[in-house]
Amino acid sequence: MKNMRHTALKEHEKTVVYVGDVVIGEGFCVIAGPCSVESEKQTIETAIAVKKAGADMLRGGAFKPRTSPYAFQGLGLKGLKILKKAKEETGLPIVTEVIDPRDVSWVSEYADVLQIGARNMQNFSLLREVGKARRPVLLKRGMNSTIEEWLNCAEYILDGGNRDVILCERGIRTFETYTRNTLDISAVPALKELTHLPVIIDPSHASGKASLVGSLSMASVAAGADGIIVEVHKNPSEAICDREQTLNPDEFSLMMGKIRMLEKFMEGCR
Ligand code: PEP
Ligand code: MN
């Protein structure tokens, strides 16, 4: 770990992030919701379903960093307003992505946690801007990035005075094509050795397959992650993006039961 001023490194006390009543860094935090905010009905129905199944926070993108410029780019401000309504309805804090440094201050009025997506992990001007924000930041790992590069990006945020950084492993590119990415599960214990920051897993973008999300979520608990962020949609077959990797409410609810059981078991193993 060269050229780091070491604010992300383990010599500091463990970071616990508080978002309203939700704690990240103690216990296992579950963030769930659609890939993107599509409509008020879709978002609120999904929010109610994930809340009922025991999720701690709601995810949903209003700004979507899409591979193609012709793909759905998100509802923007309208999407953020829908997320605000979903929060009023369920009490779930909102995790949503910000993709442009110019949007950080006003998106912070709607978001409880600002997500930096994999494609923007090394967008240094964006990192500087969220470093100034008064909101926790969920920093996703770039799909082609090493752990050291990732921690240096966390460093940019910490250096701006924002101490509330949550790291999110979401799979990296390898030669394997069966899965969308390859979940680097070893990043969890590696980061636990290296940094005081909480670490969560995104099993949805890591696998690209709904059928694998449950197993990877259980692996996240067993590996010692502080939580997961998982895509759930009221009706995945109608989802505008990432439908193949999205759970329906019943699948999510079933998975939640198993997660909470494994969590209890793991407590006894520590
Ligand atoms: C997302 O979580 O909505 C997303 C786009 O994920 P990633 O940045 O990991 O691809
Ligand atoms: Mn997605």
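Structural notes, computed from the coordinates. Chains are numbered independently. Their residues run from 1 in the order of the written sequence. As they are written, the chains are lettered A onward and the ligands numbered 1 onward, keeping that order. It should be noted that, the model being predicted, local features are given only for residues of pLDDT at least 70 and side-chain atom pairs only at 80 or more, the latter also being counted only at that level, while totals for whole chains, interfaces and linings use all residues. Derived side-chain values reflect all non-hydrogen atoms in the structure, with water molecules and hydrogen atoms excluded from consideration.

### Focus: the packing of helix α5 (residues 147-159) against helix α6 (residues 187-194)
Stated formally: Every angle, taken between N-to-C directions, lies between 0 and 180 degrees, and every axis is a line fitted to C-alpha atoms, over only the stretch in contact when it is a helix. Helical segments are the DSSP runs of H or I of at least four residues, strand segments are the runs of E of at least two, and each set is numbered from the N terminus. Roughly parallel covers angles under 35 degrees, roughly antiparallel covers those over 145, roughly perpendicular covers 65 to 115, and oblique covers all other angles. For any helix crossing, the convention is left-handed if the near helix is rotated counterclockwise from the far helix by under a right angle, and right-handed if that rotation is clockwise. In this analysis, two residues are considered to be in contact whenever any of their non-hydrogen atoms come within 4.5 Å of each other. Residues are sorted three ways: Asp, Glu, Lys and Arg are charged, Ala, Val, Leu, Ile, Met, Phe, Trp, Tyr, Cys and Pro are nonpolar, and all the rest, Gly among them, are polar.
Direction vectors running N to C along α5 and α6 enclose 55°, while the axes themselves pass 12 Å from each other. On the basis of their axis angle, the class for α5 and α6 is oblique. Crossing geometry of α5 relative to α6 is assigned as right-handed. Listed contacts from α6 to Ile147, Trp150 and Leu151 of α5 are Ala187, Ala190, Leu191 and Leu194. Split into classes, the residues belonging to the contact of α5 with α6 amount to 7 nonpolar, no polar and no charged.

### A word on the nonpolar core
We count it as follows: Residues enter a nonpolar core if they are buried and are Ala, Val, Leu, Ile, Met, Phe, Trp, Tyr or Cys, with the set joined through side-chain atoms within 4.5 Å. Burial classification: accessible surface area is computed with a 1.4 Å probe over protein chains only, and a residue below 20% of its type maximum counts as buried, one above 50% as exposed, and the rest as partly exposed.
Grouped together as the largest cluster of nonpolar side chains are 64 residues, with contacts concentrated most on Leu139, Leu167, Val230 and Phe252. A per-element tally of this core places α5 first, with 7 residues. Core analysis: the second largest hydrophobic core is formed by 14 residues, Val19, Val22, Ile166 and Ile200 among them.

### Comments concerning the environment of histidine 205
What counts, and what does not: Polar contact is the term for a pair of N or O atoms within 3.5 Å; when the atoms are in protein, one must be able to donate a hydrogen and the other to accept it, and sequence-neighboring residues count only if both atoms are side-chain atoms.
Within the element layout of this structure, histidine 205 appears in helix α7 (residues 203-207). For histidine 205 and glutamine 245, which are 40 residues apart along the polypeptide, the C-alpha to C-alpha distance reads 7.2 Å. When near neighbours in sequence (up to four residues on either side) are disregarded, histidine 205 contacts Arg59, Lys140, Arg170, Arg180, Asn181, Glu231, Asp242 and Gln245. Reaching out from histidine 205, the side chain makes a polar contact with the side chain of aspartate 202 at a distance of 2.7 Å.

### Details of the coordination of the manganese ion (ligand 2)
Condition: Sites may look incomplete, because water is not among the atoms used; the donor set itself consists of N, O and S atoms within 2.8 Å of the metal (3.2 Å for Na, K and Ca).
Here the manganese ion (ligand 2) is held by Cys35 (SG), His205 (NE2), Glu231 (OE) and Asp242 (OD), and the distances to it run 2.0 to 2.4 Å. Mapped onto the sequence, the residues coordinating the manganese ion (ligand 2) show the spacing C-x169-H-x25-E-x10-D. With a gap of 26 residues between them, histidine 205 in helix α7 and glutamate 231 in strand β10 (residues 227-231) connect regions that are remote in the sequence. Assigned by exposure class, histidine 205 and glutamate 231 land together as buried.

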